[in-house]
Amino acid sequence: MENVNRIKGVLADAGKTGVWHARQLGKDLVTVSQWCTNTTQPDLQTLAKISELLKVNTRELLINQNL
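What you see is a predicted model; the values in this text were computed from it and never measured.

1. Re helix H2 (residues 18–25)
Among the residues of H2, His21, Ala22 and Leu25 are the ones counted as buried. For H2, the angular spread of the buried residues around the axis is 100°, confining them to a single face. One or two residues past the end of H2 sits Gly26, with phi positive at roughly 70°.

2. With respect to the packing of H2 against helix H4 (residues 44–54)
The contact between H2 and H4 brings their axes to 11 Å, and the two run at 120°. Between H2 and H4, the crossing angle belongs to the class labelled oblique. For the crossing formed where H2 meets H4, the hand is right-handed. Taken together, the residues of H4 that come into contact with H2 (itself represented by Trp20, His21, Gln24 and Leu25) are Lys49, Ile50, Leu53 and Leu54. Taken together, the residues that form the contact of H2 with H4 break down as five nonpolar, two polar and one charged.

3. Section: the pattern of salt bridges
All chains considered together, the criterion is met by one salt bridge. A salt bridge links Asp13 to Arg6; the nearest nitrogen and oxygen atoms lie 3.9 Å apart.

4. Topic: the side chain of Asn38
The topology assignment puts Asn38 in the loop between helix H3 (29–36) and H4. Among the polar contacts listed, one links the side chain of Asn38 to the backbone nitrogen of Asn5, at a separation of 2.9 Å.

5. Some remarks on unusual backbone geometry
Residues other than glycine seldom take positive phi values, yet Asn38 does so here, at roughly 60°. Notably, Lys55 is not glycine yet its phi reads approximately 55°, a positive angle. Mapped onto the elements of the fold, Lys55 is located in the segment after H4. What makes Lys55 exposed here is its relative accessible area of 73%.

6. Things to note about the packing of aromatic side chains
Counted according to the given criterion, the structure contains zero aromatic pairs. The aromatic ring of Trp20 is capped on one face by Lys16, whose charged end is 4.7 Å from the ring centroid.

7. Some remarks on the nonpolar core
Residues Ile7, Trp35, Ile50, Leu54 and Leu61 are the most contacted members of the largest nonpolar core, which totals 13 residues. In this structure, Ile50 is in contact with Ile7, His21, Leu25, Trp35, Pro42 and Leu61, ignoring residues within four places of it in sequence.

About the criteria used
Residues numbered from 1 in each chain as written. Predicted model: local features only at pLDDT ≥ 70, side-chain atom pairs only at ≥ 80, totals over all residues. Heavy atoms only, no water. Buried < 20%, exposed > 50% of the residue type's maximum accessible area, 1.4 Å probe, protein only. Helix = DSSP H or I, 4+ residues; strand = E, 2+ residues; numbered from the N terminus. Arc of directions from axis to C-beta. Axes fitted to C-alpha atoms, helices over the stretch in contact; angles between N-to-C directions. Parallel < 35°, antiparallel > 145°, perpendicular 65-115°, else oblique. Left-handed = near helix turned anticlockwise from the far one by under 90°. Contact = heavy atoms within 4.5 Å. Nonpolar A, V, L, I, M, F, W, Y, C, P; charged D, E, K, R; others polar. Salt bridge = Lys/Arg side-chain N within 4 Å of Asp/Glu carboxyl O. Polar contact = N/O pair within 3.5 Å; in protein donor to acceptor, adjacent residues only side chain to side chain. Phe/Tyr/Trp six-rings, centres within 6.5 Å; stacked < 30°, edge-to-face > 60°. Lys NZ or Arg CZ within 6 Å of the ring centre and 35° of its normal. Core = buried A, V, L, I, M, F, W, Y, C linked by side-chain atoms within 4.5 Å.

In short, geometric facts, not functional conclusions.
Given below as structure tokens:
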């Protein structure tokens, strides 16, 4: 699967860990890890919550596929 999101990069930029992220979202660490490696993708509602937690625009979490 191609990279679809930048969650891992945005987490690193914010100085946050996957463990912190999983706890904030009430999700399993494996799930968050899969998002960070682009193995699976969060649903849109969860993506909005992630952007809220990390204080970034949702668009910053997505990779532009048209580049």
